[in-house]
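So you can see what is in the structure, the chains are spelled out below.
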Amino acid sequence: PALTPWWLLLLRLLAAALLIFALADPLLGRSPQAAGNGPLVLVVDNGWTAAKNWDQRQDVIADLLRGAGNRPVAIIATADPQNSDPQNNAVSLLDAGAASRAARELKPMSWRGDRMAAAARLQHAAFAARPQIFWLSDGIEDGSAKGFASALSAIGPLRVFGPQIAALGLLPPVRDGTGFTVTVVRPNRGAQRNTVVSAIGRNGESLADADVNLKTATARA
């Protein structure tokens, strides 16, 4: 390298970077394209467990809608009361503009979603062609995730989006002779993960912090 002219070295580095860039198949603003020619169905977990990072979920929905083109779109929220209302649970197909407005109005609810009720609602829908289904999961295994995914797959090709980092839960603290004991739980038995539990006072002041280590293949600590 000491004998290589700087401009030649720079040219070689640029060529290598362009090769890597091309092989990576960059999207550069391209939205994911849905397969087939049927309608696009977005099934969104919007119970209280989905409130964390909701803005990122909205970004994914916007990308999927851009990739839908002119195809009709249905948006089914698992915490929608209409899912369990037999008189008002028809699935509406929306055009691009209406789907974008419905997506912007979608919010996380303060109650838990009912995935199987949402699946039943979709099973009774009449689609002119086999739909492409995208499930935006909150990453929580509530005992129905496997059956829900199977039910959606029976309706149309399914792709699942989940959070990169699973949410953690905190059980009610227990008071003992030395202070308080808390238990942290997670929805799956994954790799080791470290977190911090903080005690916050009535006025928002920090009272205490405790390091928590969730070991590999353990669901609570």
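Residues numbered from 1 in each chain as written. Predicted model: local features only at pLDDT ≥ 70, side-chain atom pairs only at ≥ 80, totals over all residues. Heavy atoms only, no water.

Engineer: Describe the pairing of strand 10 (residues 206–214), and please don't skip the residues or the numbers.
Structural biologist: Bridge analysis of strand 9 (residues 193–200) against strand 10 gives eight bridges, and the strand direction is antiparallel. Paired with Arg-193 across the bridge in strand 10 is Leu-214. If you look at the hairpin formed by strand 9 and strand 10, you'll find five residues sitting between the two strands, and Gly-204 has a positive phi there, around 90 degrees. (Pairing = 2+ DSSP bridges. Helix = DSSP H or I, 4+ residues; strand = E, 2+ residues; numbered from the N terminus.)

Engineer: Describe the side chain of Ser-144, naming the residues involved and giving the relevant values.
Structural biologist: For Ser-144, the position within the fold is in the loop between strand 3 (132–136) and helix 5 (145–155). If we ignore the near neighbours within four places in the chain, the residues touching Ser-144 are Arg-115 and Met-116. (Contact = heavy atoms within 4.5 Å.)

Engineer: Account for the packing of helix 2 (residues 54–68) against helix 3 (residues 96–105), naming residues and giving values.
Structural biologist: At a minimum axis separation of 10 Å, helix 2 and helix 3 run at an interaxial angle of 175 degrees. Relative to helix 3, helix 2 is oriented roughly antiparallel. Of helix 3, the residues touching helix 2 (which contributes Gln-58, Ile-61 and Leu-65) are Ala-99, Ser-100, Ala-103 and Arg-104. By residue class, the composition of the contact of helix 2 with helix 3 is four nonpolar, two polar and one charged. (Axes fitted to C-alpha atoms, helices over the stretch in contact; angles between N-to-C directions. Parallel < 35°, antiparallel > 145°, perpendicular 65-115°, else oblique. Nonpolar A, V, L, I, M, F, W, Y, C, P; charged D, E, K, R; others polar.)

Engineer: Please set out the packing of helix 4 (residues 115–123) against helix 5 residue by residue, giving values where relevant.
Structural biologist: Two numbers describe how helix 4 lies on helix 5: the axes approach to 9 Å, and their chain directions differ by 10 degrees. Taken together, the axes of helix 4 and helix 5 lie roughly parallel to each other. Here helix 4 and helix 5 pass one another in a crossing that is left-handed. Here Arg-115, Met-116, Ala-118, Ala-119, Leu-122 and Gln-123 of helix 4 come into contact with helix 5, specifically with Ala-145, Gly-147, Phe-148, Ala-151, Leu-152 and Ile-155. Tallied by class, the residues present in the contact of helix 4 with helix 5 amount to nine nonpolar, two polar and one charged. (Left-handed = near helix turned anticlockwise from the far one by under 90°.)

Engineer: Please set out the nonpolar core residue by residue, giving values where relevant.
Structural biologist: The biggest cluster of nonpolar side chains holds 17 residues, and the ones touching the most others in it are Leu-42, Val-44, Ile-61, Leu-65, Val-73 and Leu-106. Elements with a contribution of two residues or more to this core: strand 1 (40–44), helix 2, strand 2 (73–77), helix 3 and strand 3. Beyond its immediate chain neighbours, meaning those up to four positions away, Val-73 contacts Leu-40, Leu-65, Ala-68, Ser-92, Leu-93, Leu-94 and Ala-99. Counting residues in each nonpolar core, the second largest holds 16 residues, with Val-41, Val-43, Ile-76 and Leu-152 among its members. (Core = buried A, V, L, I, M, F, W, Y, C linked by side-chain atoms within 4.5 Å. Buried < 20%, exposed > 50% of the residue type's maximum accessible area, 1.4 Å probe, protein only.)

Engineer: Which residues make up the environment of Thr-195, and what are the values?
Structural biologist: Following the sequence through the fold, Thr-195 ends up in strand 9. Taking the C-alpha atoms as reference points, Thr-195 and Ala-51, separated by 144 residues in sequence, lie 19 Å from one another. If near-sequence neighbours (up to four positions away) are discounted, Thr-195 is found in contact with Leu-168, Ala-210, Asp-211 and Val-212.

Engineer: How would you explain the sheet that holds strand 3 if you had to name every residue and give the values?
Structural biologist: Read across the open sheet, the four strands follow the order 2-1-3-4; overall the sheet is parallel. Across the chains shown, the open sheet's two edge strands, defined by having one partner strand only, are strand 2 and strand 4 (158–161). Direction aside, the axes of adjacent strands within the sheet are offset by 15 degrees on average. Examined bridge by bridge, strand 1 and strand 2 share five bridges and lie parallel to one another. Each bridged residue has a counterpart across the sheet, and for Val-43 the counterpart in strand 2 is Ile-76.

Engineer: Describe the pairing of strand 2, and please don't skip the residues or the numbers.
Structural biologist: Counted residue by residue, strand 2 has five buried out of five residues, so it is predominantly covered. Of the two faces of strand 2, the one lined by Val-73, Ile-75 and Ala-77 and the one lined by Ala-74 and Ile-76 are each fully buried. For the segment spanning strand 1, helix 2 and strand 2, crossover handedness is right-handed. (Right-handed = clockwise from strand over helix to strand, strands pointing away.)

Engineer: Run through the pattern of salt bridges, naming residues and quoting values.
Structural biologist: Tallied over the entire structure, the rule returns four salt bridges. The salt bridge involving Asp-80 is made with Arg-121; its shortest N-O contact spans 3.6 Å. Taken together, the positions of Asp-80 in the loop between strand 2 and helix 3 and Arg-121 in helix 4 put the pair 41 residues apart, joining distant regions of the chain. A relative accessible area of 24% means that Asp-80 is categorised as partly exposed. On the accessibility criterion, Arg-121 (7% relative accessible area) is buried. We note a salt bridge from Asp-138 to Arg-115, for which the minimum N-O separation is 2.8 Å. Here Asp-138, found in the loop between strand 3 and helix 5, pairs with Arg-115, found in helix 4; they are 23 residues apart in sequence, far enough to count as distant. Relative accessible area serves as the criterion here: at 4%, Arg-115 is assigned to the buried category. Three or more residues joined by partner-sharing salt bridges are found here, namely Asp-45, Arg-115 and Asp-138. (Salt bridge = Lys/Arg side-chain N within 4 Å of Asp/Glu carboxyl O.)

Purely geometric stuff here, so don't read any function into it on its own.
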